[in-house]
Every structure is written in C-alpha cells, then in structure tokens.
2 protein chains.
Amino acid sequence: MVTEIRVKSPADFHVHLRQNEMCSLVTPLVREGGFKLAYVMPNLKPPITTTDMALKYRSELERIDPQTEFLMTLYLSPELTPDEIRKAAGVGIVGVKSYPRGVTTNSDGGIESYETYYPVFEAMQNVGMVLNLHGEIPSDHSTNTCVLNAEAKFLPHLKLLHEHFPRLKIVLEHATTRAAVEAVKSLGPTVGCSITAHHLALVVDDWAGQAFHFCKPVAKYPDDREALREVIRDGMFNRSRRLNAIVNNVPIYYLYNAGHPRFFLGSDSAPHPASAKSTSTPLDGCAAGVFTSPILLPLTAHLLESFGALDQLEAFVSTNGRTFYCLPPSVFETNDVLLRKTVEKVVDMRFVLGDQVAIPFMAGKRINWEIAG
Amino acid sequence: MVTEIRVKSPADFHVHLRQNEMCSLVTPLVREGGFKLAYVMPNLKPPITTTDMALKYRSELERIDPQTEFLMTLYLSPELTPDEIRKAAGVGIVGVKSYPRGVTTNSDGGIESYETYYPVFEAMQNVGMVLNLHGEIPSDHSTNTCVLNAEAKFLPHLKLLHEHFPRLKIVLEHATTRAAVEAVKSLGPTVGCSITAHHLALVVDDWAGQAFHFCKPVAKYPDDREALREVIRDGMFNRSRRLNAIVNNVPIYYLYNAGHPRFFLGSDSAPHPASAKSTSTPLDGCAAGVFTSPILLPLTAHLLESFGALDQLEAFVSTNGRTFYCLPPSVFETNDVLLRKTVEKVVDMRFVLGDQVAIPFMAGKRINWEIAG
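Residues numbered from 1 in each chain as written. Chains lettered and ligands numbered in written order. Predicted model: local features only at pLDDT ≥ 70, side-chain atom pairs only at ≥ 80, totals over all residues. Heavy atoms only, no water.

Draft legend 1. Structural detail: the relation of the copies chain A and chain B. Note on the identical chains: chain A maps onto chain B by a rotation of 180° and an axial translation of 0.0 Å, with an RMSD of 0.0 Å. Both chain copies can therefore be described as sitting about a two-fold axis. The position closest to the rotation axis in chain A is occupied by the C-alpha of Ser278 of chain A, lying 3.1 Å away. Both copies present the same face, since 97% of the interface residues in chain A are matched by interface residues at the equivalent positions in chain B. (Least-squares fit on C-alpha atoms with pLDDT ≥ 70 in both. Contact = heavy atoms within 4.5 Å.)

Shown next, in the form of structure tokens:
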C-alpha cells in the first residue's frame, strides 16, 4: 500500500483569491493546501480588465504571500484590445478569462457573443496567451436551457472557437459533464480542460439542499462524474499510439493507458463569506462556489485514491497542466510536496481572519492524506 | 379581464400537517389558503400505520380546526394487513401512502419492493381505497440514479402496479416531469396524478442555491414544467372524443380542449422550521419541502393565469380531484371561495406560533390574487 507520495511542484490552474480581507485570508491557504503556483481568476469588483490592474493585483497577492507564484489573467470585456493583449503578454500575463453574462459570481459584465472578440483572440493566438472559458450559456427557460444543460449547450461555441483559432490555446474550465470531456478529447492539442477536485466528489444529489456544495457549473449526474474520473484515471481508452500535445513544436505521443494529458487540476476554489452561503428567506439565493484551497492537494489525493487513480496524481496536479501551459516543473526540490497517508486528518470547520469566515469543502470530515513536508 | 372568480369547494389532495406545535401553526392555514378539504399525509414520527393512529390524528386536527374536512391516509409498511385495510376503510380512511425508503422527510420506513404488498393492494382495490405513490426510486450512483431521474425511473413500477391492479385507484403524487405526465395519460381511468403549485413555478435553477425552493421530488427542467402546465391548460391535445374516467360505473367522455381530468392539485405543502431550511456547514443538509398552504388558492390562480389556464382553475383545484376520489363538490355555498384580482398582495414573510416559524413560498413577493370571501 502506498503511504507516501512525493508530488513535483503542484500547480492550481484556476483559483479565486478575492479582494481585501477575504484575499488576505485565503491567499496563504493556497500554499497550506500544497500549491505554490496559482492561476488567478480576474472576476473581482470591478473586474481585472487591464494589464495595470492585473499587475497591481499581482503585487498585492505577492505581498500577502511572497512564496507563491501567481499567474494572472484578464477579464474578457469590450475594453480589451489587441494592443492591450500585446502589452499584457509582454509583462507575463498568461490568460484571458471569458465569462458568459450573468452565469456565475461577478459575471454581469461577461460576454454574449464571441465574434466581436475575434481581433482580440487573433492577437492572443499570436502572442501565445491562453483563453480560459467558463463554458456555460445563460439559462433561458424558453429554450429549455438551465443549469443542468448549460455546459453541454456551450460546447458548440468551444468547437467553433477552436476551428477559427486552431493555434489559440483554449482551456475549458471546470468541466462537469461527459459531453464536455468527449468534446475536449475530440479537439486538437491546443484545447485543454481543467477539472476541480469537488466535481470529482459531488453529484446533483449533494447540492440538493446543501448550499456549501452549490457551485457553478453545478455538479451533474453520477455518470458525468464518472466521465471526469475516467479521463483522469485512464483517459486514453484505446491504448493506441496517439498524438496528444505539441510542446515547443515537438509532438508528444502516448502509448499506454494513462490519464488524458490535456486534462488537469484547476480547483476553482471559490471562497465566500459563510453568511453568503446560507439562505434565510426565499428572497436571497446563496453564492455559488466551493472552497478547497486549504486542503487541495490532500483532498485530490484522497479523491483520486477513491477511484483508483492515485498513480495519476502528479500528472493531474502538475505535469499535465504545466505541459499545456508550457511551464516546466520547478527545478527546486523545495517546491515538491510530500503527502502522507493518515487516518486522523479531519478538515477544519472554518478559516477565520478578522470578520471573515470561510468554510472549506468537507469541513469536519475525514480525508486520508495530509501534507508531511 | 377577469377580476373575480368563484371557486366551488377547493380541495387540497396532498398536504403535510405535521405534529405538535407546528401542527397547531399550519393546520388553520389550510383554510386561510382557501381550502376546507385536506388530504393528510401520514409521515409523522412515528408514521401513521394503523387505523387507530389515523383516527387519533384526525381528531387532533379537527380540534385545531373544526371547519376543515380532513381525509386520512395510512403509511404503507409491513405492519399493514388486509384486515387493517378493511378496518380503515370502514371508518372512512381514504388512502394509503407509499414512500420509497429514504427518499424524503420521514421515509426511513418506506417500501423497497411492492410485491410483498400485493395482498394489501388487493384488499384496497376491493374496498375502494386509494394508493398514493411518492413516485421516486432511491438514488444509486452506480446505476446513474439521482434526484433528477428518480421519478422517470419509478414510472415502470407505476405501470406494473396498474397492470396488476387495474381497478385499484392509484395517484402518482406531485409529478414533476414530462415523462410522468405522459405515463399517467397513457394509463387507465383509475390512475390519477397530483401536481403541486410550486412545481408549476419552479425549475432546477430556482432551487440551485435556494434552500426554500428545495423539495422532493426536485423541480426539473423547464420543459418538464411546461408539460405540467400543458396538461392543466390543454391536457386533451387531440381534441377527440375519448374515455377519461369512470365515475360510479358511468364512463365520462371529453370532447374539447381542456385540462386533463385525471390531473389535479395536491399541494404537498410541507412546512419545516425555518432553521431546518438553512445550512450553516457542509455537514447538515436542509429539509426538503415547500410551504404553500397559507396562500394556496391565490397562488394557484396566480400561476394558472401566468400560463393562460385561469379558466381551468376550478377543474384543477376542485372538480378533477373530487371526481377522481368520488367526492362530490360540497353542496354548501359557504364552501365556495371568491378570489379577487389584486396588485397589492405581498406574501407574508413568515408564520409564527410560539417557537415555531414557517416561511411560506414566495415570502415577500407579490401575487396577483387574494381571497375576497
């Protein structure tokens, strides 16, 4: 039985670090959860729409935790120009995040149609910036569109974007459905897909009447969760030689059963004040988001082990994402994390700083791995 | 424009009146909501499994509100014998409620397989008792069964029961899916179907992160809600002459476009203490149930009007259900209710008695009808 695992430079390719006091609370918890690389979402109030805002935000984050590497993104909006893209790429901003209007936290300024952004995407393709997609279309009951099929109905947009911009790196974020997994697998090596830890655990039953498990996209059917688990555990079903990625113009082939290399961890860790996760009347819905940062690596090990994919842990939390983003693993061994099997680890009930209280996923429950060093 | 409607003796064919102080709070609210007939569910702690318990419960309810007629049901469980069925029918107990094990509030003692109950169903068929089905199978993630398909997967059981006991009156309670509507329509005149008011309003988006809209069965896709609305508004799509019910051995035919006569209101009004509808940690889920009793008739008028079915109000809230249950409309005009159009009616934020607080559906929101007398 495996009782220790050394993971080479884990990287969380989708995380919400918020603002003000909540930011001070949750930013150091990325490292506490085993990660020294955070790919930071731009949906603040106001959203991070310019290079200058992103740099300012990054310096705030670095002040809070100088030991974590923060990769920054811009919020796709009409303000964004090809010139701004080139400026952003020049100072190391990595991606642009697209939110469909009104679908999740602080997405009121999100996109409605992609065509107006084609000049921006063209510029991104040329400078090597990544397009990160929140892959849902807004609910529209007249067309039977709701939170359950919002992702599946988004997939044609993903395919179209990839068709128009085959060299543009696109990440379908926080996939939750078998349809999304199949779509990404069917597309070329420039299309990647992040998967959260909590979507490997939850199905619709879990957020039915449980606000702390409610997030966007919502967790779907058991068979959808199975598809996420399968693609991590044995993504290359046919076990045949197949092109899976091109890194620095070198084609990479996979021969054996293994997790699919274009699928990787992006936690979408999304803390909210505990009060915002509760409902006291039928008037106020609760905020969408599951907070996993403080336990992310042990949790991911715990979950992968539960479905027989523990041997894919490093690929899923580090190698696959770093390869897609062309970020080589850290050469410093200090960035490795040692996980140890445990029977005693109970997740903290809450994390507190001043007035801010954030309640983590699996609060009060046991997980089977802990960080040893 | 219709500004007043007189509704002949409204009847709520599915309501939870609870126990103790909560019972004292909610029972009078049935009449406040426009109903003097309540078909009472037996899922108390302990469940109402015998005639004597049902009679005792009925006398408690009558003591709380002597002006309301309470029709009683037994909880289907291994204790129930054909002899008990005959005893129950002899004192006017109307139905037997079947809960799949573990699916909803106080259903831990629910059924797992119907075959062991065939002698009981045989006796019910002979004495004319009604079988009320909570039509969901328990979640089983290994077979992709979850709250979203639990009702559709139950329907083969309904069809089989009807096949074995074609003379047994069966009600599929609180239907939420197009599949359920189609199944009931396809079956014989002894199979009816109740529909709640809130399922005419809600879809999955509404209970995603809103505990007060969480109930079992959960509200489904917009197209499922549309099927519920359609069957009330224009259930007989083909407008042809068709046998729809047999009442006292007289076949009844419908010739024109109208709501389907085997579909009727059963509110499934299910109050819980306000505290039980909130979640403060990921450990405690919230109770399933939407509380509609205090506003039921105005709310139903409001909703039917919203989808063009106001002319079906009396059929839906009185005639159809009474016909199915062979309960003629009251001959007393005092049981009629006059509804008046309004623009000022805002639903109370809460109903309180002593320590008990119950928060109604649409608390704080405007509905367009009110009870005038």
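Draft legend 2. Quick look at the pattern of salt bridges. Under the definition given, this model contains 22 salt bridges over all chains. A salt bridge links Asp65 of chain B to Arg31 of chain B; its shortest N-O distance comes to 2.9 Å. Residue Asp65 of chain B is located in the loop between helix 2 (51–64) and strand 4 (69–71), and its partner Arg31 of chain B is located in helix 1 (residues 20–32); the two are separated by 34 residues in the primary sequence. Overall, the relative accessible area of 1% leaves Asp65 of chain B in the buried class. Put simply, Arg233 of chain B and Asp234 of chain B hold a salt bridge, and the shortest N to O gap is 3.4 Å. The class for Asp234 of chain B is buried, based on a relative accessible area of 17%. Linked through salt bridges whose partners overlap, the residues forming this network are Arg178, Asp223 and Glu230 of chain A. (Salt bridge = Lys/Arg side-chain N within 4 Å of Asp/Glu carboxyl O. Helix = DSSP H or I, 4+ residues; strand = E, 2+ residues; numbered from the N terminus. Buried < 20%, exposed > 50% of the residue type's maximum accessible area, 1.4 Å probe, protein only.)

Draft legend 3. A look at the state of the cysteines. One pass over the structure, following the stated rule, counts 0 disulfides over all chains. For Cys215 of chain B, which is in no disulfide, the shortest distance to another cysteine sulfur is to Cys286 of chain B and amounts to 10 Å. (Disulfide = S-S within 2.5 Å.)

Draft legend 4. Examining the environment of Glu163 of chain A more closely. Secondary-structure assignment places Glu163 of chain A in helix 5 (residues 155–164). Taking the C-alpha atoms as reference points, Glu163 of chain A and Lys87 of chain A, separated by 76 residues in sequence, lie 26 Å from one another.

Draft legend 5. Seen up close, the interface of chain A and chain B. Contacts between the two partners involve 39 residues from chain A, matched on the other side by 38 residues from chain B. Here chain A is connected to chain B by 0 salt bridges. The interface formed by chain A and chain B holds 15 residue pairs in polar contact (both at pLDDT 80 or more) in total. Put simply, the parts of the chain that give the side of chain A that touches chain B at least two residues each are helix 7 (204–207) and helix 8 (222–234) of chain A. When the residues that make up the side of chain A that touches chain B are grouped by side-chain class, the tally is 19 nonpolar, 14 polar and 6 charged. (Polar contact = N/O pair within 3.5 Å; in protein donor to acceptor, adjacent residues only side chain to side chain. Nonpolar A, V, L, I, M, F, W, Y, C, P; charged D, E, K, R; others polar.)

Draft legend 6. Region of the structure containing helix 1 (residues 20–32) of chain A. In this model helix 1 of chain A runs 19 Å from its N-terminal to its C-terminal C-alpha over 13 residues, within 8% of the 18 Å that 1.5 Å per residue would give. Packed against the buried residues of helix 1 of chain A are strand 2 (12–15), strand 3 (37–40), helix 2 (51–64), strand 4 (69–71), strand 14 (351–353) and strand 15 (356–358) of chain A. (Expected span 1.5 Å × (residues − 1).)

Draft legend 7. Geometry of the nonpolar core. Counting residues in hydrophobic clusters, the biggest one holds 204 residues, and the most contacted among them are Phe121, Leu158 and Trp207 of chain A together with Phe121, Leu158 and Trp207 of chain B. The contacts of Phe121 of chain A, once residues within four sequence positions are left out, are Leu76, Tyr114, Leu131, Leu161, Phe165 and Leu168 of chain A. With 15 residues, the next largest nonpolar core counts Phe13, Tyr39, Tyr99 and Val130 of chain A among its residues. (Core = buried A, V, L, I, M, F, W, Y, C linked by side-chain atoms within 4.5 Å.)

Draft legend 8. How the structure looks around the packing of helix 1 of chain B against helix 2 of chain B. Residue and element names in this part refer to chain B. Axis separation between helix 1 and helix 2 bottoms out at 9 Å; the angle between their running directions is 65°. Judged by the inter-axis angle, helix 1 sits roughly perpendicular to helix 2. Where helix 1 crosses over helix 2, the two elements pack in a sense that is right-handed. Where helix 1 approaches helix 2, its residues Cys23, Ser24, Thr27 and Pro28 are matched on the opposing element by Tyr57, Leu61 and Ile64. (Axes fitted to C-alpha atoms, helices over the stretch in contact; angles between N-to-C directions. Parallel < 35°, antiparallel > 145°, perpendicular 65-115°, else oblique. Left-handed = near helix turned anticlockwise from the far one by under 90°.)

Bear in mind that shape data such as this cannot, by itself, settle questions of function.
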